[in-house]
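Working through the structure, step by step
The chain contents come next:
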Amino acid sequence: MDIQKIIEDIVEKLTGDDQLMENFKKDPIKTVTGALGIKLDGDLLNGVIEAVKGKLQLDDLAEKAGGILGGIKGLFGK
């Protein structure tokens, strides 16, 4: 079982579907096991959920940083 692939697949599905993302924020366990069809034991499921949350936060942070850097570049006309 490729856990990294599972995490990447979940992140891709969540970022492509606003309603699914809202469901994940409200109840990540139910969203991952039900809507995404992933069946994992408790500890592994919790680990996957935490990894997905971390990846989503990193992606959000990178997006915000890109916007800030773009704004700074604009200040200097580059």
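Numbering of residues starts from 1 in every chain and runs along the sequence as written. Totals for whole chains, interfaces and linings use every residue, but because this is a predicted model, local features are given only for residues with pLDDT of at least 70 and side-chain atom pairs only at 80 or more, for both listing and counting. Computation of side-chain values: all heavy atoms of the structure, hydrogens and water removed.

Turning to the side chain of Thr-31, a few remarks are in order. Relative to the elements of secondary structure, Thr-31 occurs in helix H3 (residues 28–35). In this description, contact between two residues means that some pair of their heavy atoms is separated by no more than 4.5 Å. Setting aside anything within four residues of it in sequence, one finds Thr-31 in contact with Leu-20, Asn-23, Phe-24 and Leu-36. Helical segments are the DSSP runs of H or I of at least four residues, strand segments are the runs of E of at least two, and each set is numbered from the N terminus.

Think of a salt bridge as a Lys or Arg side-chain nitrogen and an Asp or Glu carboxyl oxygen that are within 4 Å of each other. Per the stated rule, a full pass over the model turns up three salt bridges. Lys-5 is paired through a salt bridge with Asp-9; the nearest N and O atoms lie 2.9 Å apart. With Lys-5 and Asp-9 both in helix H1 (residues 3–15), this residue pair falls four residues apart, about one helical turn. Residue burial is assigned from relative accessible area. The probe radius is 1.4 Å, only protein chains are included, and a residue is buried under 20% of its type maximum, exposed over 50%, and partly exposed in between. Asp-9 sits in the partly exposed class, given a relative accessible area of 28%.

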